[in-house]
Every structure is written in C-alpha cells, then in structure tokens.
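Survey of secondary and tertiary structure
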Amino acid sequence: MSKMETVKLNNGVEMPLEGFGVFQISDAAQCEQVVYDAIKTGYRLLDTAAAYMNEEAVGKGVSRAIADGIVNREELFITTKVWVQDQKNEETAYNAVKTSLEKLNMPYVDLVLLHQPMGDYFAAYRGIEKAYKDGLVRAIGVANFYPAVLSNLCENVEMIPAVNQVELHPFFTQEAAIENMKAYGVVPQAWGPLAEGKHGIFTDAELVEIGKKYGKSAAQVVLRWNVQRGVSIIPKSVHVERMEQNIDIWDFALTDEEMAKIASKDLGHSEIVNHDDPAFVKMLCGMKIHE
C-alpha cells in the first residue's frame, strides 16, 4: 500500500489527509475495538467529539494499541470537538477541552474544533485559543462553519482556524467554500465523505466505471477525488475489510476529466443537514450532553 499523504496546517503541524471517524458508534466496547482495528489497519488520525459520547472508548482503544506496540502516541493525530452546550463563553469551552482530555485519558489532543457555529462561538473560540496556548491542544479549528460565518471569524480572531470540518462529497462539492477556506489558510476536512451512503453512491454507474479502470470501488474513487482536491477525509466503518478498502486510495490518481465528471454530480445543497433551518439550529442548541 502506498504511503498516506499528509497536509501541513497553518501552524506547521502535520495532519494525515485521511482519518477514521467514530460518529454514531455509541456502544463503548464496539467503539474501543474499532479504534484499535483502525490503528492496526494503518489509520493515524482519529476523529471523535464530546457529543459522540464515546471519548472514553476512543481513549481505551488508543491505549490498547500503544500497549501492544502497534503505535506510539506521537504517531497519532487525535481530534475532538467542543459541543454547543459548552460554547457559552471562554471558560466553558476551555473546561470542555479539559473534560475531553480526562475522558480520553490523554495529556493533549492534536486538534480541537468548535462543533457548530452556534452559541457564543467567538467567546468559545477564545477558550480553545487558551487551550492551545496552555499546551492542551496542538491545533484548533471549527466544524460546519459556512463561508460567510468562517470569513467573519477569521477576520476577527487572533489565530486563524487550522481546519474547518464540513460536509464534502460529490453530491455536495462546496467548491466556493473550499476556495474561501484556502484563501484564509484553513484546511477543508470532509465529514460524510461517502455522503452517508445516500444517492446510490456505492453503485453509481459512472463512479463504478471510473473505478474499474484502476481496480477500485466507487467508494475508493470518491475518497480519492476529495483528497486529490486537497480535502482531508474521515470515513467511518465498523468493518475491518471496509476500513482496509477506505485507506487503500494512495496508489492511483484520477485524471482532470474524471475529477470534473465526479464534481458534476453536485446538487448544490446538502440532503443530510440544513444549518439554515431555524428548527435544526434550535434542536442543536437544546441538545445537552451533560448536566
């Protein structure tokens, strides 16, 4: 298998272009096992969040892998996120980072993101800036910050976010958003890079056809397309054979014509979430992950 590529963040920290996500893996024992399996498979970036309620399990999976000599902590890149409930002010965000570290059983994480552009996210951002200055995190960023919101943040903070994790796949390409991120030196990272299985993405005739040329699946073509346009990806699977497939994308390159054909599937909107929907925003603001 060819070596996975990395990207240098705006503070000089190296981040793998591909990682492993644990969203919706709520069973603690299963989550611990899949994290261990992912590390064994070759993943070095692990993406969790306070709101996923599985940080402790992620920490245990990492500890097991380190104890078994598969990897050392310095080789891993661990991401977690501060939830909306803790984006009230600088102190609540800072304390949320400390709580995440306790649950992960780690002295630091490599990246902390504000999970949503909600609450007092400017004050919360100052909280994670403080966590960075205090050595609790190696880089800070945001998630789900759409172009105008990201621009407003970048124009008014001390430290430009290193990463913005948003929905990015062939049916929602967000080309203008990516250009905006790159203009500020923010690395785009894709959640749901396989569109959460929607749009018949695994059996799409054009994607399958492109894959045949390289001996790859439609899913591998889609993942390769994102990294080839400079997007970090965090696919998720609880099955080892799928983990192995998802990471096996570093030994081929798509042509410009193929890249354009895949991008032409863009619908121009998400069919997974709608951050412009007041009811959705209200729901997230009301979601409590602790007392």
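Look a little higher up for the structure.
Residues numbered from 1 in each chain as written. Predicted model: local features only at pLDDT ≥ 70, side-chain atom pairs only at ≥ 80, totals over all residues. Heavy atoms only, no water.

Our focus in this paragraph is the pairing of strand β8 (residues 163–167). In terms of residue burial, β8 counts as a mostly covered element, since five of its five residues are buried. Relative to β8, strand β7 (residues 140–143) is paired through two bridges, and the arrangement is parallel. By the bridge assignment for β8, Val142 is matched with Asn164. The handedness of the β7 to β8 crossover, carried by helix α5 (residues 147–154), is right-handed. By the bridge criterion, five bridges tie β8 to strand β9 (residues 187–191) in an arrangement that is parallel. Looking at β9, one finds that Glu167 is bridged to Trp191. As for the winding sense of the linkage, the β-α-β connection from β8 through helix α6 (residues 175–184) to β9 is right-handed. (Buried < 20%, exposed > 50% of the residue type's maximum accessible area, 1.4 Å probe, protein only. Helix = DSSP H or I, 4+ residues; strand = E, 2+ residues; numbered from the N terminus. Pairing = 2+ DSSP bridges. Right-handed = clockwise from strand over helix to strand, strands pointing away.)

Here we take up helix α1 (residues 28–41). In a regular helix each residue adds 1.5 Å, so 14 residues correspond to 20 Å; α1 covers 20 Å between its end C-alpha atoms and thus fits that length. For α1, the set of buried residues is Cys31, Glu32, Val34, Val35, Tyr36, Asp37, Ala38, Ile39 and Thr41. Tucked into the core, α1 has its buried residues touching β3 (20–21), β4 (45–47), α2 (55–67) and α9 (240–247). Measuring from the backbone nitrogen of Ala29 back to the side-chain oxygen at the start of α1 gives 3.4 Å, which picks out Asp27 as the cap. (Expected span 1.5 Å × (residues − 1). Contact = heavy atoms within 4.5 Å. Polar contact = N/O pair within 3.5 Å; in protein donor to acceptor, adjacent residues only side chain to side chain.)

Now for α5. Restricting attention to buried positions, one finds in α5 the residues Leu150, Ser151, Leu153 and Cys154. Along the axis of α5, the buried positions cluster into a sector of 160 degrees, meaning they face one direction only. (Arc of directions from axis to C-beta.)

On to the packing of α1 against α9, then. Where α1 contacts α9, the two axes come as close as 10 Å, and the packing angle between them is 40 degrees. Viewed along their axes, α1 and α9 adopt a mutual orientation that is oblique. Like other packed secondary-structure pairs, α1 and α9 cross with a definite hand, here right-handed. Across the interface between the two elements, Val34, Asp37, Ala38 and Thr41 of α1 pack against Val240, Met243, Glu244 and Ile247 of α9. (Axes fitted to C-alpha atoms, helices over the stretch in contact; angles between N-to-C directions. Parallel < 35°, antiparallel > 145°, perpendicular 65-115°, else oblique. Left-handed = near helix turned anticlockwise from the far one by under 90°.)

Distances and angles like these do not, on their own, reveal function.
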